[in-house]
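A look at the structure
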Amino acid sequence: MIYSNIQKQILQKLLTKYESSKTYKGTNSVVQNFSIKSTDIFKEYEQDSTDINAIEDFEKQCELLESEGLIQLAWKYERISKIISIATEENWNKIRIILGVKDKNTRLKEEIAFYSSVSEKTSSHKIINDFCKTQIERLQGGKIAEYSLEDANNIIALLSFILQNKNEILERELSISVLANSKSWESKYKTKILRILKKSGYFDSLIENCADEKEVNKVILEECNIFANPSYVYFKGNGTIFFENGNITKTCSEIPFAISSASIEKIDFFEIADSKIMTVENLTSFNRVKESETFFIFLSGYHNSVKQKFLEKIYQQNSNKEYYHFGDLDPDGFFIFDNLQKKTHIDFKPYKMGTEELKKYSDFSKTLEENDITKAKSLIEKGKFVEIMNYMLKNNQKLEQEIISWKETQHKKE
């Protein structure tokens, strides 16, 4: 007999009740009956407005299970009020065969053995070991694991790849590489993986100042060199790039130049002729801003470890230059600036990021949001950028750097 989804749902619910009971554990001294309501399967079953054909089909499927000797139906007012299991070991085994599952104790032992075998591998990352440890503790504590074995196997494979990944890879490429399907990552595993990575605490210092969940996810994945789309580093200034393969590329201030983030690791030496080097937070501002004797860099997106190492290499090879950063005049912009200084150990100076600019372009300013206020107070508590943070809070102002780059360019033309 081929069993329908409704019939399998009935049997699954009854089996779950049984395997969660004292009878299954062997600690019950009385005989237990296991039953479910018809509405547990068909919510609209008892409603007067429900299609009579749907009701008759449901009842027919229940009666077929009853004719198989697997359940007994209790009727009330010509409707099924209860679906009761005929609780024999033979029936439970037959139900497991129908559902394609093993005995709970067997499943439990197999799952614990699976997670234990992963934890015992010396190559496993701490995040993976902690994940497995949590699942084992759940199983040993009488709870079910958070994921099916199939999902857990894929999750561990993804974590292993991600946590060891050194090269830039796109999300769809990751999905194909690990799951042999370009859509499985996005549709089924991305949220699960990010939940585990966030819960691990491994990325706390990176995400503490993120504005929302979307930014948190982006920061974590980019730190692991995983991108939704290819990312590029943009340059504008006078310099010479020497690549590992012997190729040489010259850049100039009049023509912006970009290379993929994946290629920056192939740069052997970067000789910059200008006396100043400036990182710019926003692409629009990068295209607008002009300053003599200045080499501009737009890193695009989060400054992950690869980009930080790139900046460190530039500094080592051009340590006699002045270093500046041009970002938004809001708490977020100063968090980015602080992170840039802290991670690269380069003494970047702020470019047009003071109270003078806030006053000068106050007509274009925006009011602070709740998240801005929280971040501003956090910076003040840390003793960082106190003067301008207090000014922002007092005047309820913030300013996007695009306004400054646009206005400053107009002034120079005049």
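Let me sum up the structure you'll find in this document.

Definitions and limits used
- Residues numbered from 1 in each chain as written.
- Predicted model: local features only at pLDDT ≥ 70, side-chain atom pairs only at ≥ 80, totals over all residues.
- Heavy atoms only, no water.
- Pairing = 2+ DSSP bridges.
- Helix = DSSP H or I, 4+ residues; strand = E, 2+ residues; numbered from the N terminus.
- Axes fitted to C-alpha atoms, helices over the stretch in contact; angles between N-to-C directions.
- Buried < 20%, exposed > 50% of the residue type's maximum accessible area, 1.4 Å probe, protein only.
- Polar contact = N/O pair within 3.5 Å; in protein donor to acceptor, adjacent residues only side chain to side chain.
- Phe/Tyr/Trp six-rings, centres within 6.5 Å; stacked < 30°, edge-to-face > 60°.
- Lys NZ or Arg CZ within 6 Å of the ring centre and 35° of its normal.
- Salt bridge = Lys/Arg side-chain N within 4 Å of Asp/Glu carboxyl O.
- 1 Å grid on protein atoms, 1.4 Å probe; cavity = no way out; pocket = protein on both sides within 12 Å on 5 of 7 lines; lining within 4 Å.
- Points joined across faces, edges and corners; volume = space filled by probe spheres on them.
- Nonpolar A, V, L, I, M, F, W, Y, C, P; charged D, E, K, R; others polar.
- Core = buried A, V, L, I, M, F, W, Y, C linked by side-chain atoms within 4.5 Å.
- Contact = heavy atoms within 4.5 Å.
- Parallel < 35°, antiparallel > 145°, perpendicular 65-115°, else oblique.
- Left-handed = near helix turned anticlockwise from the far one by under 90°.

Our focus in this paragraph is the pairing of strand 6 (residues 232-236). Here strand 6 runs beside strand 9 (residues 257-260); their pairing, made up of 4 bridges, is antiparallel. Residue Y232 lies in a different strand from strand 9, and its bridge partner there is S260.

As a further point, take the sheet that holds strand 7 (residues 239-243). Read from one edge of the open sheet, 3 strands run 8-7-10, paired in antiparallel fashion. Two strands lie at the open edges of the sheet, namely strand 8 (248-251) and strand 10 (267-272), each paired on one side alone. Across the sheet, the mean angle from the axis of one strand to that of its neighbour is 15°, orientation sign disregarded. Of the strand pairs in this sheet, strand 7 and strand 8 are connected by 4 bridges, and their pairing is antiparallel. Counted as the bridge partner of I241 is T249 from strand 8.

With that settled, the discussion passes to the environment of E291. Within the secondary structure layout, E291 lies in the loop between helix 12 (283-288) and strand 12 (294-298). On the basis of relative accessibility, which here comes to 29%, the residue E291 falls in the partly exposed class. Once the C-alpha coordinates of E291 and M278 are considered, the two residues, 13 residues apart in sequence, prove to be 9.8 Å apart. Reaching out from E291, the side chain makes a polar contact with the side chain of Y351 at a distance of 2.7 Å.

Summed over the entire model, instances satisfying the criterion amount to 27 aromatic pairs. Between Y315 and Y323 the ring centres are 5.2 Å apart and the planes differ by 65°, which places this aromatic pair in the edge-to-face class. Pairing F326 with Y351 gives two aromatic rings, centres 5.3 Å apart and planes at 80°, and the pair type is edge-to-face. On the criterion of sequence distance, the pair formed by F326 in strand 13 (residues 322-326) and Y351 in the loop between strand 14 (349-350) and helix 15 (355-360) is long-range, its members being 25 residues apart. Just as F326 is buried, Y351 falls in that class too. Ring-pair connections join several aromatic residues into one group, and the members of that group are F235, F257, F270, F295 and F310. The ring of Y189 has K192 lying over it, and the distance from NZ or CZ to the ring centre is 5.8 Å. Between the NZ or CZ atom of K236 and the centre of the ring of F296, over which it lies, the distance is 5.3 Å.

Moving on: the pattern of salt bridges. Inspection of the entire model under this criterion finds 18 salt bridges. Of the charged contacts in the structure, one is a salt bridge between D130 and K126, with a shortest N-O distance of 2.8 Å. Taken as a pair, D130 and K126 lie in helix 6 (residues 126-140) at a separation of 4 residues, close to a single helical turn. By relative accessible area, which is 58% here, K126 ends up exposed. When the shortest N-O distance is used, the salt bridge between K375 and D332 registers 2.3 Å. A residue pair is termed long-range when its members are at least 10 positions apart, and K375 in helix 16 (residues 370-381) and D332 in helix 14 (residues 331-344) qualify at 43 residues. One salt-bridge network, in which partners are shared between bridges, spans E19, E89, R96, D103 and R107.

What follows is about the layout of surface pockets. Considered as a void within the structure, the largest pocket measures approximately 1000 Å³ in volume. E215, V219, E281, D332 and I336 are the residues nearest the centre of the largest pocket, which is lined by 38 residues in total. Where the lining of the largest pocket is concerned, the elements lending two or more residues are helix 10 (204-207), helix 11 (213-223), helix 14, helix 16 and helix 18 (401-413). For the lining of the largest pocket, the leading source of residues is helix 14, giving 8 residues. Here the residues of the lining of the largest pocket sort into 9 nonpolar, 10 polar and 19 charged. Within this model, the second largest pocket holds a volume of roughly 720 Å³. When contributions to the lining of the second largest pocket are tallied by element, the ones reaching two or more residues are helix 1 (5-19), helix 2 (22-25) and helix 5 (104-119). Counting residues per element, the lining of the second largest pocket draws most heavily on helix 5, which supplies 6 residues. Each residue belonging to the lining of the second largest pocket can be placed in one class, and the counts come to 9 nonpolar, 7 polar and 9 charged.

Right, let's get into the nonpolar core. Counting residues in hydrophobic clusters, the biggest one holds 47 residues, and the most contacted among them are F235, F270, I297 and F310. F310 has contacts with V233, F235, I264, I267, F270 and L299, leaving out every residue within four places of it along the chain. Of all hydrophobic cores here, the second largest spans 37 residues; its members include A152, I155, I162 and C224.

Contact geometry for helix 16 and helix 17 (residues 386-395): axes closest at 9 Å, N-to-C directions at 150°. Between helix 16 and helix 17, the crossing angle belongs to the class labelled roughly antiparallel. As for how helix 16 packs across helix 17, the hand of that crossing is left-handed. Together, I373, A376, K377, L379 and I380 of helix 16 and V386, M389, N390 and L393 of helix 17 make up the contact between the two elements. When the residues that make up the contact of helix 16 with helix 17 are grouped by side-chain class, the tally is 7 nonpolar, 1 polar and 1 charged.

Across the sheet, 6 strands lie side by side as 9-6-12-11-13-14; this open sheet has mixed pairing. Both edges of this open sheet fall to strand 9 and strand 14, since each of them pairs with a single strand only. Here strand 6 pairs with strand 12 via 3 bridges, running antiparallel. Each residue of the ladder has a partner; that of F235, found in strand 12, is I297. Strands strand 11 (276-280), strand 13 and strand 14 of the sheet are contacted by helix 14, whose axis makes an angle of about 150° with strand 13.

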